[in-house]
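The chain contents come next:
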Amino acid sequence: MTSSFTIECCVNFSEQRRESRRRPDQGNTARVPRVSRLMALAIRFGDLMRSGEVTSYAELARLGRVTRARMTQVMAILGLAPDLQEEVLFLPRTVKGRDRVQLRHLLPIATLSDWRQQRVLWKAINLTR
């Protein structure tokens, strides 16, 4: 046997925008650029491989739940000159919109073995953004 019931409630449709769901202590919405976080991860992963805790990129990829190709991309930025790695780590926070520097900008630079050429290309992408 089925019984029916009625629910009554008030619904207010207004054109006002809802306030954001940010906590009051989240006044600064600036975030660390993704490439800075990836650089920090690549450095950490490199340390894990040097210490022998992890034996291959495939193992790192499995642990990080990403593809081996993605892990190779992340680890490729370790080919940057040490001073460029430091600059990437300490890029200014992104306040609004997209990050100024993205992984796709860094990968071609990291493939160069001449650090002087890397620095020239880094200045070029860093100035145009």
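It should be emphasised that the depicted structure is a prediction, and the values quoted were computed from it without experimental measurement.

Caption draft 1: View of helix 4 (residues 82–89). Along helix 4, the residues classified as buried are L84, Q85 and V88. Take helix 4 and look down its axis: the buried residues cluster within an arc of 105°, on one side only.

Caption draft 2: Representation of the packing of helix 3 (residues 68–76) against helix 5 (residues 103–110). Where helix 3 contacts helix 5, the two axes come as close as 9 Å, and the packing angle between them is 70°. Between helix 3 and helix 5, the angle falls in the class roughly perpendicular. Along this stretch, helix 3 crosses helix 5, giving a crossing that reads as left-handed. Of the residues in helix 5, those in contact with R70, Q73 and A76 of helix 3 are L103, L107 and A110. Grouping the constituent residues of the contact of helix 3 with helix 5 by class yields four nonpolar, one polar and one charged.

Rules of the game
Residues numbered from 1 in each chain as written. Predicted model: local features only at pLDDT ≥ 70, side-chain atom pairs only at ≥ 80, totals over all residues. Heavy atoms only, no water. Buried < 20%, exposed > 50% of the residue type's maximum accessible area, 1.4 Å probe, protein only. Helix = DSSP H or I, 4+ residues; strand = E, 2+ residues; numbered from the N terminus. Arc of directions from axis to C-beta. Axes fitted to C-alpha atoms, helices over the stretch in contact; angles between N-to-C directions. Parallel < 35°, antiparallel > 145°, perpendicular 65-115°, else oblique. Left-handed = near helix turned anticlockwise from the far one by under 90°. Contact = heavy atoms within 4.5 Å. Nonpolar A, V, L, I, M, F, W, Y, C, P; charged D, E, K, R; others polar.

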